[in-house]
Amino acid sequence: MVHYLDNAATTPVSEKSAEAVMEILRDYYGNPSSLYSIGIKASKKYEHAREVIAESLGCRPEEIFFTGCGTESNNLAIFGAARARKAWGNEVIVTGYEHPSVQNTVDALKDEGFEVITIAPKNGVIEPEEIISHVSPKTVLVTAMMVNNETGAMLDVPYISKKVKEINKRTAVHCDFVQGYMKEKIDLAAIDTLSASGHKINAPKGIGILYMRKGFNLRKTQFGGGQEKGIRSGTENIAFACGFAAAVEEHKDIEGNARKIAALKAMLTEGLGEFDNVTINSPESSTPYVLNFSFEGYRSETVLHFLEARDVYVSSGSACSKGERSHTLEAMKLPSKLVDSAIRVSFGLQNTEDDVKALLDGLREAGQSLMKAKR
Ligand code: PLP
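Remember, it's a predicted structure, so these values are computed and weren't measured experimentally.

Take the site of the ligand next. Contacts to the ligand come from 15 residues, most closely from Thr-71, Asp-176, Gln-179, Ser-197 and Lys-200. Separating an oxygen atom of the ligand from a side-chain N or O atom of Thr-71 is a distance of 2.6 Å. Look at the ligand: alone it shows 390 Å² of surface, and the protein chains cover 91% of it. Per-element tally for the shell around the ligand: the top contributor is helix α3 (residues 70-84), with three residues.

Right, here's the structure in full:
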């Protein structure tokens, strides 16, 4: 039996999501821009998917734009917002533990003359006031993630958005919500743009959304046939949009799901208490869905492959960095011995106590066998 505990990297596609995708591929092949009935039928399905997602965020359907992934949504929002405000400002504020799709995009803005102010985490947590205190009349954009993908650290971006606007109402606020969508409730408050991705909630890879507040000024980054109101040209991926919406429906009970996942996390945390070489790296206030810890004395990759041989799948950091040292743990200034032995466990709705038990058994065995090998 597979014990998949790397849901922050990606999730298995649910039956319902796969069925919704297949229904479109089979029966709704029309181009939604076509004026005849086959196109109109496809367009209705697509717009329904948009409505489901809008409802989940408490916004209007016309504020939801489908994209190819969370990375694309982040690029679109960051480049689009900064460039649209270049005439009056050049400062961008970002947290020091963002996903590469934000970090590298913000870095690319430096080539266009923007100055980037990076707010580092302290003990794994970003203080909202630290971000807010840096906002100036020249700040064009504040971009901050709501849930960190490596430690699960949470940041109150809705609160930050309100405070930022009190200081400079022209500053755009973007939220990377990829790890929080349908796991944490959100009040969009004064957030202007927000990204989410299907494959983190049991929909296929290759579908994302950008929420953009009505009336928000965004410079286009992609040109073409004018689909998605010109913001994201390209023939629509109706099948995956519908697969995404089906997965959203399955995640609707955000509070109930979080309670279930919190119980699994508590079971894991308690189990880890028996190991004297374990240090928990996730802050107390992190999301229930992620637990990052160091298994000191053993390299992450060694433990990861040891567990893999027992059909238990965890990660050594974020999947995107492919074995590189964790960006977030480095930003937290953890000692090398903790960074090099870090393990990230991330839960999904399909996980059960059996998965946690298998992981704890695997770690116990790892402690014994790997120790023997070391002698
Ligand atoms: N932002 C965060 C916090 C993520 O964890 C990820 C994916 O790992 C992304 C953005 C990128 O999403 P996608 O894989 O859909 O491009």
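There is more to say after this.
Further remarks concern the packing of aromatic side chains. Per the stated rule, a full pass over the model turns up five aromatic pairs. Put simply, the rings of Phe-177, Tyr-181 and Phe-244 touch in pairs and so form one group of aromatic residues. Positioned above the aromatic ring of Tyr-28 is the side chain of Lys-41, whose terminal nitrogen or guanidinium carbon lies 5.3 Å from the ring centre. Looking at Arg-170, its charged tip hangs above the ring of Trp-88, at a distance of 4.1 Å from the centre.

Helix-helix packing is characterised by the crossing angle of the two axes and by the distance between the axes. Put simply, helix α2 (residues 37-57) and helix α7 (residues 238-250) touch, their axes get as near as 9 Å, and they point 35° apart. α7 is crossed by α2, and the crossing has left-handed handedness. Here Ala-42, Lys-45, Tyr-46, Ala-49, Val-52, Ile-53 and Ser-56 of α2 lie close against α7, whose contacting residues are Ile-238, Ala-241, Cys-242, Phe-244, Ala-245, Val-248 and Glu-249. Grouping the amino acids of the contact of α2 with α7 by side-chain chemistry returns eleven nonpolar, one polar and two charged.

Time to look at the domain arrangement of the protein. On domain assignment, one finds that the protein holds domain 1 (3-11 + 253-374) and domain 2 (15-250). One C-alpha centre belongs to domain 1, the other to domain 2; they are set 28 Å apart. With 31 residues of domain 1 at the contact, the number on the domain 2 side is 29 residues. In this assembly, domain 1 packs against domain 2 so that about 2,400 Å² is buried in total across both faces, 52% of it on carbon and sulfur atoms.

This part is about the confidence of the model for the protein. The predicted model of the protein has a mean per-residue pLDDT of 96, with 97% of residues at 70 or higher. The least confident element of the protein is helix α10 (residues 327-331), whose mean pLDDT is 88; the most confident is strand β7 (residues 193-197), at 99.

You can see His-174 is positioned in strand β6 (residues 172-176). In the structure, His-174 is positioned 104 residues away from Gly-70 in sequence and 13 Å away in space, judged by C-alpha atoms. Residues within four places of His-174 in sequence aside, it is in contact with Asn-74, Ala-77, Ile-78, Leu-141, Val-142, Thr-143, Ala-144, Thr-193, Leu-194, Ser-195 and Leu-210. Looking at His-174, its side chain comes within polar contact range of the side chain of Thr-193, at 2.8 Å.

Position of Glu-236 relative to the elements: it lies in the loop between β8 (208-212) and α7. The side chain of Glu-236 is buried and forms no salt bridge, while Arg-50, the nearest opposite charge, is found at 6.2 Å. Contacts of Glu-236, omitting those with residues within four sequence positions, involve Asn-31, Pro-32, Ser-33, Tyr-46, Gln-227 and Glu-228.

So, on to a nonpolar patch on the surface. Among the surface-exposed residues, Tyr-29, Tyr-36 and Ile-38 lie close enough to one another that they form a single nonpolar patch of about 370 Å² accessible area. Positionally, Ile-38 belongs in helix α2.

So, on to helix α9 (residues 300-308). The set of residues buried in α9 consists of Ser-300, Val-303, Leu-304, Phe-306 and Leu-307. In an axial view of α9, the angular spread of the buried residues amounts to 165°, which keeps them on one side of the axis.

Time to look at the nonpolar core. Core analysis: the biggest nonpolar cluster contains 54 residues, and Leu-57, Ile-131, Tyr-181, Leu-194 and Phe-244 have the highest contact counts within it. Among the elements that make up this core, the one with the highest residue count is α7 (eight residues). With residues near it in sequence (within four places) discarded, Tyr-181 still touches Ile-53, Ser-56, Leu-57, Ala-196, Ile-201, Phe-244 and Val-248. Judged by nonpolar contacts, the second largest core, of 28 residues, contains Leu-264, Leu-272, Phe-295 and Phe-306.

Another point: the packing of α3 against helix α4 (residues 100-110). Where α3 contacts α4, the two axes come as close as 9 Å, and the packing angle between them is 30°. Accordingly, the angle class assigned to the pair α3 and α4 is roughly parallel. The hand of the α3/α4 crossing is right-handed. Along the contact surface, α3 presents Thr-71, Asn-74, Asn-75, Ile-78, Phe-79 and Ala-82, while α4 presents Ser-101, Val-102, Thr-105, Val-106, Ala-108 and Leu-109. Residues that form the contact of α3 with α4 fall into these classes: seven nonpolar, five polar and no charged.

Here we come to unusual backbone geometry. Backbone geometry at Lys-229 places phi at a positive 55°, although glycine is not the residue there. Considering the arrangement of structural elements, one finds Lys-229 in the loop between β8 and α7. Of the residues examined, Lys-229 reaches a relative accessible area of 58% and is grouped as exposed. Although it is not a glycine, Lys-333 sits at a positive phi angle of roughly 60°. Given the relative accessible area of 69%, Lys-333 is considered exposed.

About the thresholds
Residues numbered from 1 in each chain as written. Predicted model: local features only at pLDDT ≥ 70, side-chain atom pairs only at ≥ 80, totals over all residues. Heavy atoms only, no water. Near = heavy atom within 4 Å. Polar contact = N/O pair within 3.5 Å; in protein donor to acceptor, adjacent residues only side chain to side chain. Areas by Shrake-Rupley, 256 points an atom, 1.4 Å probe, with all protein chains shown as cover. Helix = DSSP H or I, 4+ residues; strand = E, 2+ residues; numbered from the N terminus. Phe/Tyr/Trp six-rings, centres within 6.5 Å; stacked < 30°, edge-to-face > 60°. Lys NZ or Arg CZ within 6 Å of the ring centre and 35° of its normal. Axes fitted to C-alpha atoms, helices over the stretch in contact; angles between N-to-C directions. Left-handed = near helix turned anticlockwise from the far one by under 90°. Contact = heavy atoms within 4.5 Å. Nonpolar A, V, L, I, M, F, W, Y, C, P; charged D, E, K, R; others polar. Domains from an automatic or database assignment. Buried area = accessible area lost by both parts, 1.4 Å probe. pLDDT = per-residue confidence, 0-100. Buried < 20%, exposed > 50% of the residue type's maximum accessible area, 1.4 Å probe, protein only. Lys, Arg positive; Asp, Glu negative; His and termini not counted. Salt bridge = Lys/Arg side-chain N within 4 Å of Asp/Glu carboxyl O. Patch = residues over 30% accessible without salt bridge, like charges linked within 9 Å, V, L, I, M, F, W, Y side chains within 5 Å. Arc of directions from axis to C-beta. Core = buried A, V, L, I, M, F, W, Y, C linked by side-chain atoms within 4.5 Å. Parallel < 35°, antiparallel > 145°, perpendicular 65-115°, else oblique.

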